[in-house]
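The residues making up each chain are set out below.
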Protein chains: 2
Amino acid sequence: MRDAYIDQLDAIFEDLAGIARRVQVAVGQATTALMTGDSTIAEKVISDDAAIDRAREQVEENAFSLLSLQQPVARDLRTVVAALRMVAELERMGDLSVHVAKVARLRVPDVAVPEEARPTMTRMAEVAEDMVSRVCDVIAGRDVEAAIALGRDDEEMDQLRRTSFSELLSDDWSHGVEAAVDIALLGRYYERIADHAVSIANRVIFVVTGHNPVPAA
Amino acid sequence: MRDAYIDQLDAIFEDLAGIARRVQVAVGQATTALMTGDSTIAEKVISDDAAIDRAREQVEENAFSLLSLQQPVARDLRTVVAALRMVAELERMGDLSVHVAKVARLRVPDVAVPEEARPTMTRMAEVAEDMVSRVCDVIAGRDVEAAIALGRDDEEMDQLRRTSFSELLSDDWSHGVEAAVDIALLGRYYERIADHAVSIANRVIFVVTGHNPVPAA
């Protein structure tokens, strides 16, 4: 009984890591679509999101089945509930990638991000994708050290967000309101992807150590 | 045993309805701060959010306790898991109200929303607050009819979002990039509050009927 439970729980975490890898692909492709104005890739991100939604449903069913049949308590129960939360956050990160892809698609054949805003936006996208990549490893290895390190990266995202706002609010901004609004919303989407990555990493810390991480000073 | 379980489950739903009412106050006050440029009210929304966070933790502890001690299965299990998801969404709606309040605070003593954008933004805020108000009743009464009606209101929010974008992207827009960015982000925050209200209503439909609602055509 106990072994079956551990196998089922391990399987759920493997599935979560698999979904995280799908999300990583979605973030990367959405960024490519955004930076190149490629509508085919944008459409792919949008249509592939259904597979993430289905994978989420499967994890939920498996978690319910585990709760019903094994009736875990204490730490085991918290682990399963944490898995349910993590899968909801991963699905949301997929949705945010779709939002990025839709902004890209809306501006085809143009590119939504003007030349002078590209370095900051490119770096935001890199930080977001890197955080998702590391979340895959954090989940797969239930790696507390990597989870703690992930929280620190979020500070770079906050700084990039501030830089992005100063660029589009500067007197030198010559690309008008539409591009500025696109960039503000795109920045919000990448920031939220990063927030969810940190939140998932914190849940892994809680699952492994039994304690919530201490917020950064 | 069974009666204790039902009492505990009812208590969780009462607590959820109580948090929803706090969120409704937060949305209303954030809107007042936004439309009047009142920093005192904005600060109140920001500091009151800690009470929503604490109430969320209490609901989570009660739900864990119920899962551990009563070990519900099937529909009862789904109800408790749904409650855990609803409380996470309610907390997020509180966070979004804080985001609105922070935009308001950033522009004091000015008002972030220029005159010509006020009718649409005011209506967005009204729709969001009304949806939260109705979510309180949906949760408290586990009211499926009211939950279904809530999903329809979300269409008005989508329409308002489109109207808002056409206002700030029109050639007549004379308020510059900063106000446009504020309005795009504020619209996003109200839209997300509405999305969460619909999502919570859908969870209540699932809890009561055992089926997910059919998406609107």
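Residues numbered from 1 in each chain as written. Chains lettered and ligands numbered in written order. Predicted model: local features only at pLDDT ≥ 70, side-chain atom pairs only at ≥ 80, totals over all residues. Heavy atoms only, no water.

Undergrad: Help me understand helix α5 (residues 144–169) of chain B in this model?
TA: Think of an α-helix as turning once every 3.6 residues; residues three or four places apart then point the same way. The terminal C-alpha atoms of α5(B) lie 39 Å apart, and with 26 residues this matches the ideal 38 Å at 1.5 Å per residue to within 8%. Three or more residues of α5(B) are buried, namely B:V144, B:A147, B:A149, B:L150, B:D154, B:M157, B:L160, B:R161, B:S164 and B:L168. Those residues of α5(B) that are buried are in contact with α6 (176–209) of chain A together with α4 (118–141) and α6 (176–209) of chain B. You can read the cap of α5(B) off the contacts: a side-chain oxygen lies 3.2 Å from the backbone nitrogen of B:E145, and it is on B:D143. (Helix = DSSP H or I, 4+ residues; strand = E, 2+ residues; numbered from the N terminus. Expected span 1.5 Å × (residues − 1). Buried < 20%, exposed > 50% of the residue type's maximum accessible area, 1.4 Å probe, protein only. Contact = heavy atoms within 4.5 Å. Polar contact = N/O pair within 3.5 Å; in protein donor to acceptor, adjacent residues only side chain to side chain.)

Undergrad: When you look at the packing of aromatic side chains in this model, what are you seeing that I'm missing?
TA: For the structure shown, the criterion picks out zero aromatic pairs over all chains. Between the NZ or CZ atom of A:R142 and the centre of the ring of A:F13, over which it lies, the distance is 4.1 Å. Over the aromatic face of A:F64 sits the side chain of B:R78, whose NZ or CZ is 4.4 Å from the ring centroid. (Phe/Tyr/Trp six-rings, centres within 6.5 Å; stacked < 30°, edge-to-face > 60°. Lys NZ or Arg CZ within 6 Å of the ring centre and 35° of its normal.)

Undergrad: Would you mind going over the interface of chain A and chain B with me for this structure?
TA: On the chain B side, the residues contacting the 34 residues of chain A number 34 residues. Summing both sides of the interface, chain A and chain B together bury roughly 2600 Å²; the carbon and sulfur share of this comes to 61%. Linking chain A with chain B are four salt bridges, by the criterion used here. Viewed at the interface, chain B and chain A are joined by six residue pairs in polar contact (both at pLDDT 80 or more). Those elements giving two or more residues to the side of chain A that touches chain B turn out to be α2 (39–70), α3 (74–107), α5 (144–169) and α6 of chain A. (Buried area = accessible area lost by both parts, 1.4 Å probe. Salt bridge = Lys/Arg side-chain N within 4 Å of Asp/Glu carboxyl O.)

Undergrad: Sorry, what's going on with the packing of α2(A) against α3(A) here?
TA: The description of two packed helices rests on the angle between their axes and on the distance between the axes. Residues and elements named next belong to chain A. Packing of α2 against α3 brings their axes to within 9 Å, and their N-to-C directions diverge by 170°. Here α2 lies roughly antiparallel to α3, going by the angle between them. Grouping the constituent residues of the contact of α2 with α3 by class yields 15 nonpolar, two polar and nine charged. (Axes fitted to C-alpha atoms, helices over the stretch in contact; angles between N-to-C directions. Parallel < 35°, antiparallel > 145°, perpendicular 65-115°, else oblique. Nonpolar A, V, L, I, M, F, W, Y, C, P; charged D, E, K, R; others polar.)

Undergrad: For this particular structure, what's the right way to read the environment of B:P109?
TA: Residues and elements named next belong to chain B. As for its placement among the helices and strands, P109 is situated in the loop between α3 (74–107) and α4. A relative accessible area of 73% means that P109 is categorised as exposed. Separated by 79 residues in sequence, P109 and A30 have C-alpha atoms that sit 15 Å apart.

Undergrad: Looking at this structure, how should I read the pattern of salt bridges?
TA: Side-chain pairs of opposite charge can arise whenever the charged atoms involved come near each other. Residues and elements named next belong to chain A. With the rule as written, the count across this model stands at 36 salt bridges over all chains. The shortest N-O distance in the salt bridge between E178 and R107 comes to 3.4 Å. With E178 in helix α6 and R107 in helix α3, this pair connects stretches of sequence that are 71 residues apart. Assessed through its relative accessible area of 37%, E178 is described here as partly exposed.

Undergrad: What should I look at first to understand the confidence of the model for chain A in this one?
TA: A low pLDDT means the predicted coordinates there should not be read in detail. Mean pLDDT over chain A stands at 94; residues scoring 70 or higher make up 97%. The ipTM assigned to the predicted complex is 0.92, against a pTM of 0.94. (pLDDT = per-residue confidence, 0-100.)

Undergrad: Would you mind going over a negative patch on the surface with me for this structure?
TA: Side chains of A:E115, A:E116, A:D171 and A:D172 sit close together on the surface and give a patch of like negative charge. The exposure class of A:E115 is exposed, given its relative accessible area of 64%. (Patch = residues over 30% accessible without salt bridge, like charges linked within 9 Å, V, L, I, M, F, W, Y side chains within 5 Å. Areas by Shrake-Rupley, 256 points an atom, 1.4 Å probe, with all protein chains shown as cover. Lys, Arg positive; Asp, Glu negative; His and termini not counted. Charge placed at Lys NZ, Arg CZ, Asp CG, Glu CD.)

Undergrad: Looking at this structure, I do not really get α2(A). What am I missing?
TA: Residues and elements named next belong to chain A. An ideal rise of 1.5 Å per residue puts 46 Å on 32 residues; α2 measures up with 47 Å between its terminal C-alpha atoms. Of the residues that open α2, the one with a side-chain oxygen 2.9 Å from the backbone nitrogen of T40 is D38. Immediately downstream of α2, the backbone of Q71 shows phi near 45°, a positive value.

Undergrad: Explain the environment of B:D48 here, please?
TA: Residues and elements named next belong to chain B. Structurally, the position occupied by D48 is in helix α2 (residues 39–70). Given a relative accessible area of 34%, D48 falls into the partly exposed group. Between the C-alpha atom of D48 and that of G94, which follows or precedes it by 46 residues, the distance is 9.3 Å. Here the side chain of D48 touches K44 through a polar contact of 2.6 Å, side chain to side chain.

Undergrad: What should I look at first to understand unusual backbone geometry in this one?
TA: Excluding glycine, a negative phi dihedral is what most residues carry, and trans is how most peptide bonds are arranged. The peptide bond linking A:V108 to A:P109 adopts the cis configuration, its omega dihedral lying at 5°. For A:A74, which is not glycine, the phi torsion reads 50° and is therefore positive. Along the chain, the position of A:A74 falls in helix α3. The class of A:A74 is partly exposed, set by a relative accessible area of 49%. With a phi close to 45°, B:Q71 is a non-glycine residue in the positive phi region. One can find B:Q71 in the loop between α2 and α3. Note on B:Q71: relative accessible area 24%, which makes it partly exposed.

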